[in-house]
Amino acid sequence: MPTDSLKTSTPSTASNGAPDAPVLKGSEIFVRALEEEGVDRVFGHPGGAVIKIYDAMERIQPDYEHVLVRHEQGGTHAAEGYAKATGRVGTVLVTSGPGATNTVTGIADAYLDSVPIVVFTGQVPTHLIGNDSFQETDTTGVTRSITKHNFLVRDVDELASTIKKAYHIARTGRPGPVVVDIPKDVQMDKSTFVYPDEPDLPGYSVPGKGASRQVQRAARMIEEAERPLLYVGGGTINADAPEHLTKLARKTNIPVTTTLHGLGAFPETDDLALGWLGMHGFYHTNMAVQNADLIIAVGARFDDRVTGDVDAWAPDAKIIHVDIDPSCISKNVYADCAIIGDAQKVLQQLLPKVEPKDTEEWLAQIDEWRDSCPPYEYEQPDEDLIAPESVVEQLYEKTQGEAVMVSDVGQHQMWVCQYYKFGRTRSHISSGGLGTMGFGLPAAMGAAFGMREGRDLDVVCVSGDGGFVMNAQELSVAAAHGLPLKIAVLNNNFLGMVRQWQSLFHEDRFSHTDLTSTNPDFVKLAEAHHCVGLRATSPDEVGDVIDQAWEVDDRPVLMEFAVPKEEMVFPMVPAGAASDDMLTEMFSKEEMAKE
Amino acid sequence: MSDEETLTRQQIRRKRKFGEPILPEEEDETDQKHRHIIAVTLENTIGALNRVTNLFSARGFNLESVAVGETEDSSIARLTLVTVGNDRIVAQVTRQLKGLVNTYDVTDLTDAEHVERELCLLKVQYTSDTRPEILDIKDIFRGRVVNVTPETMVLEVTGPNKKINAFIGMMQEHGIEEVARSGQVAMHRALEYEAPNPLASSESEVNDNGSSDAN
Ligand SMILES: Cc1ncc(C[n+]2csc(CCOP(=O)(O)OP(=O)(O)O)c2C)c(N)n1
């Protein structure tokens, strides 16, 4: 079919569409539906089961850009990074079988972190489904427990409406990943193309405002509290509610602590900001939690990395829980006042109902804790090595909080949370729920693509030597698209976080965590992928390397920093311990001796 | 007891953990296990049933019975689940069920006035000596004979779970060859008719969405 005939309408006799709706092949419907959906970018990788769609893309030349990732896991993480940085839905297109299974880690990651992505997978023709055919996997079966919802499209007549539903489900309520599995014959069959205005989802409802009685009750609880604390999670950012949250905190003088995903929801330079809490949160923050008499949780789910021993968490506090997902209420921690609704709407309802509070005494008490155990003070190592924390601090100085910081998983991720002062919403991207090594680079790449669409911030990726190589292949993609990514690899030649646990809890038996002799040469690795590679091995080189990196603006720069393997993340609440049972730097040595 | 006087859930747990006494009325009973019967209406499509049962298996719950069938509307199926579990966790799973895209309605009927029925087909051996007794028992349980051969007959009985168990128990000594049970189906009892009160005001609290305020 010639290209130009696709957009001119072919009169249709089919009953399912408007009289002048064009009759198109499934593959063409797919391409056009994404255009209708306003998709800007698709991260994908072709294969036999989606070759028809790729062909249609080539013929139609749609409005969106396709990015050829080098591994489908990279594609899903890139879509996540794109979604988190822009607030839009990320789109992935892969083939059946191995293409689909390669996306599983990214889908699971998006599920736990409530990231809106839609993953389209090719499938073997419907008559071969269930026959163990070539490159067949039961994709909807495999992804059922890690998606918000998934679809197998069995009829081309349902393709456009299914795509409409998929984007709607991914984006609304508690966001999450949606998989749409499209058999090859559905891509070849024809149907009239009508993209519905509204999704037809009778069983699906999205909470809006909170119940007014509960909001009233929350306002009363806030009024009565003496030691209140706002505990803010990523749901606040998903609901575009940081501004409202900031207003509430400032009006009531209630201090704010954020989860890993909440970072950026409240300016950390504010006097009321306590930084983050939980396993590697600050001492004063966790003490504030443990001594609070009221905790106002907004879009946070009481993850065990936050609560530690749930039974001993915030023992004196009543709990107000604002969440869009009813199943999150009282899941881990009992909520005395539950408000189901959109965080932005609930905060808007709550704001006029609260009065300014005098919390001076409580804030003074928190300051006392802060003074008694200030955030861990690191030392520059003597040898030719760099304190990893200082790299993060210098990245902060360079960007002044005006960057999107993407981290991989490990010690460096914790240092980013502790030493970077997030001032903007959607400026921190990390894998919190699944803790996926290999997330950082592709997610940063996705975020950098997102920066081309409206926002213009530097995108910085901080990674460890272990995690970076898990998806290093995506460097070529970032280079091919001229993304000015700044990548800092904190190279301790170890799987650092595991080493830390081995050191603290397994008597220094460093079982299979040493990468010293097997790590690649990161500078060469970067260069091999058409990126710029830089290396700093002593503290005085750090600033130079960062400055040089910021001079490159047409391709990614990888900065390798040689850091000591012995450095640990403190403070630390050992897994399952009470939140005030922290190993701080001061006690760590004794605690270790006790072990 | 007002809000202010009750202990928080954390405090109760903490007290229990440290062996401190908890007054009986404050004891939190949500951690006990009970039998739950849950009715779910859902879209009658591929995968919908699987999503529902998956939520249970993902949490390590065994489903004692699952009965599913179309309703008066062929696009909607109705499912009755029976599970035994910690009340708090079942309540949590129920909320998750409600959150599924394919489900319309989820009701835990356990504590509501409800009718519960199960159908049982039972194949039993008989001789001319045992035949009268078997037929007697069948009558007591208001069963029917649905198939008969010179050595065996198939009986059909419906009733609540306990009745079926009792019926199977009674048949045991006669040599049961096969039992097939449908699993429980259940629904709310029709509410008693209440004459509308012309004096009732319409002041009952309604939230901003216009729906009832209960969470
Ligand atoms: C895919 C995956 N495999 C294993 C782990 C377990 N894990 C968590 S942190 C970590 C070490 C990370 O090492 P590195 O990337 O060098 O970062 P560092 O901790 O040294 O900063 C490992 C192996 C994980 N989170 N994800």
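This one's a predicted model, so the numbers in the text were calculated from it and none came from an experiment.

**Q** Which residues make up the confidence of the model for chain A, and what values do they have?
**A** Taken residue by residue, chain A gives an average pLDDT of 92. The fraction at 70 or more is 95%. Within the model, pLDDT remains below 50 along residues 1-15 of chain A, and this stretch shows 27 contacts once partners closer than five positions in the same chain are excluded.

**Q** How would you summarise helix 3 (residues 72-86) of chain A if you had to cite specific residues and measurements?
**A** All names here are of chain A. Over its 15 residues, helix 3 extends 21 Å from the first C-alpha to the last, a length consistent with the 21 Å expected when each residue adds 1.5 Å. Burial of helix 3 is extensive: 14 of the 15 residues sit out of reach of the surface. A positive backbone phi angle near 80° is found at glycine 87, which sits one or two residues after helix 3.

**Q** Before we move on, can you summarise the sheet that holds strand 4 (residues 90-94) of chain A with the specific residues and values?
**A** Backbone hydrogen bonds hold the strands of a sheet together, and the pairing may be parallel or antiparallel. Residues and elements named next belong to chain A. Spatial strand order, 3-2-4-5-7-6: six strands in an open sheet with parallel pairing. Of all strands in the sheet, those bounded by a partner on one side alone are strand 3 (65-68) and strand 6 (149-152). If you compare each strand with its neighbour and ignore which way they point, the axes differ by 20° on average. In terms of strand pairing, strand 6 meets strand 7 (residues 177-183) through four bridges, oriented parallel. Following the sheet pairing, leucine 152 is matched in strand 7 by aspartate 181. Contacts between helix 3 and the sheet are confined to strand 2 (41-44), strand 4 and strand 5 (117-123), with strand 4 contributing the most and set at about 165° to the helix.

**Q** Let's hear about the pattern of salt bridges: which residues, and what values?
**A** Following the criterion strictly, the structure yields 26 salt bridges over all chains and no others. The salt bridge involving Asp304(A) is made with Arg305(A); its shortest N-O contact spans 3.8 Å. Accessibility expressed as a relative area gives 43% for Arg305(A), which makes it partly exposed. Among the salt bridges present, the one from Lys138(B) reaches Asp139(B), with a minimum N-O distance of 3.1 Å.

**Q** Which residues make up the sheet that holds strand 20 (residues 557-562) of chain A, and what values go with them?
**A** All names here are of chain A. One open sheet accounts for six strands, arranged 16-15-17-18-20-19; its pairing is parallel. In this open sheet, the two edge strands, each paired with only one partner strand, are strand 16 (428-429) and strand 19 (532-536). Two elements, strand 19 and strand 20, share five bridges in a ladder whose sense is parallel. Considered in strand 20, the bridge of valine 532 is made with valine 557. Here helix 17 (residues 411-419) sits on the sheet and contacts strand 15 (403-407), strand 16, strand 17 (458-464) and strand 18 (486-491); the angle it forms with strand 17, its principal contact strand, is near 135°.

Reading the values: the criteria
Residues numbered from 1 in each chain as written. Chains lettered and ligands numbered in written order. Predicted model: local features only at pLDDT ≥ 70, side-chain atom pairs only at ≥ 80, totals over all residues. Heavy atoms only, no water. pLDDT = per-residue confidence, 0-100. Contact = heavy atoms within 4.5 Å. Helix = DSSP H or I, 4+ residues; strand = E, 2+ residues; numbered from the N terminus. Expected span 1.5 Å × (residues − 1). Buried < 20%, exposed > 50% of the residue type's maximum accessible area, 1.4 Å probe, protein only. Pairing = 2+ DSSP bridges. Axes fitted to C-alpha atoms, helices over the stretch in contact; angles between N-to-C directions. Salt bridge = Lys/Arg side-chain N within 4 Å of Asp/Glu carboxyl O.

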